[in-house]
Amino acid sequence: MEVIVNIKGKDWKYKLLSDKTYDKLHGDTSNGITLPDECEVHIRKSTMNSNILRHESFHVFYFSSLVETADLTALQTEEIACEIFGEHGPEMMSICDYVLNKFLLKKRKALKEE
């Protein structure tokens, strides 16, 4: 299951993966992962919730700000994180709601077709 969202001018794919597929790609120690080079977010299907979507969406905005290429102190990194949230917090929440609703609608549709 996949939802595409345009974030800061790039199309990001949010993918809801079966546990088996997720574990094969990323191991079993996390429930979500952001892949900035691929512009993808992978979420473990059995644990998908709004907290995981918000967490991974923050990674998207963080990577989109290119701060991982800079040599920053912990205080500078924290300030950038706060700036990202202050500037893009409402947009991140809207994106998470949109993706969550799309995943849930697709899941309901699949259940009805069974």
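For the structure itself, consult the block above.
Residues numbered from 1 in each chain as written. Predicted model: local features only at pLDDT ≥ 70, side-chain atom pairs only at ≥ 80, totals over all residues. Heavy atoms only, no water.

Draft legend 1. Inspection of the overall build of the chain at higher detail. Broken down by element type, the chain carries three helices and four strands. Its helices and strands taken in sequence order, the chain reads β-β-α-β-β-α-α from the N to the C terminus. Reported as C-alpha extents along the three principal axes, the dimensions of the chain are approximately 50 × 30 × 20 Å. In the chain, which comprises 114 residues, the proportion classed as buried is 32%. Excluding contacts between residues fewer than 6 apart, the proportion of contacts in the chain whose partners are at least 24 apart in sequence is 55%. Within the chain, one finds 15 positive and 19 negative side-chain charges whose respective centroids are separated by 12 Å. (Helix = DSSP H or I, 4+ residues; strand = E, 2+ residues; numbered from the N terminus. Buried < 20%, exposed > 50% of the residue type's maximum accessible area, 1.4 Å probe, protein only. Contact = heavy atoms within 4.5 Å. Lys, Arg positive; Asp, Glu negative; His and termini not counted. Charge placed at Lys NZ, Arg CZ, Asp CG, Glu CD.)

Draft legend 2. Molecular detail of the nonpolar core. Ranked by internal contacts, the top residues of the largest apolar core, which has 22 residues, are Ile-7, Tyr-14, Leu-53 and Val-99. Those elements that provide at least two residues to this core are strand E1 (2-7), strand E2 (10-17), strand E4 (40-44), helix H2 (50-64) and helix H3 (74-113). The dominant element in this core, judged by the number of residues it contributes, is H3, at seven residues. Apart from the residues lying within four places of it in its own chain, the contact partners of Val-99 are Val-3, Val-5, Tyr-14 and Leu-53. (Core = buried A, V, L, I, M, F, W, Y, C linked by side-chain atoms within 4.5 Å.)

Draft legend 3. Region of the structure containing the pairing of E1. Burial of E1 is one-sided: the residues Val-3, Val-5 and Ile-7 facing one way are buried, the residues Glu-2, Ile-4 and Asn-6 facing the other way are not. As paired strands, E1 and E2 are joined by six bridges and run antiparallel to one another. Residue Val-3 lies in a different strand from E2, and its bridge partner there is Tyr-14. Joining the antiparallel neighbours E1 and E2 is a turn of two residues, in which Lys-8 adopts a positive phi near 50°. (Pairing = 2+ DSSP bridges.)

Draft legend 4. Just the sheet that holds E4, in detail. Across the sheet, which stays open at both edges, the four strands sit in the order E1-E2-E4-E3 with mixed pairing between neighbours. The outermost strands of the open sheet, each flanked by one partner alone, are E1 and strand E3 (32-35). Within the sheet, the average angular offset between the axes of one strand and its neighbour, ignoring direction, is 20°. Pairing of E3 with E4, which is carried by four bridges, proceeds in the antiparallel orientation. The residue of E4 that forms the bridge with Leu-35 is Glu-40. (Axes fitted to C-alpha atoms, helices over the stretch in contact; angles between N-to-C directions.)

Draft legend 5. Local environment of the pattern of salt bridges. Under the counting rule described, the total for this entry stands at three salt bridges. We note a salt bridge from Arg-44 to Asp-23, for which the minimum N-O separation is 2.6 Å. Placement of Arg-44 in strand E4 and of Asp-23 in helix H1 (residues 19-26) is noted, with a sequence separation of 21 residues between them. We classify Asp-23 as partly exposed; its relative accessible area is 30%. Each of the salt bridges in this network shares a partner with another, and the network as a whole consists of Glu-2, Lys-15 and Glu-40. (Salt bridge = Lys/Arg side-chain N within 4 Å of Asp/Glu carboxyl O.)

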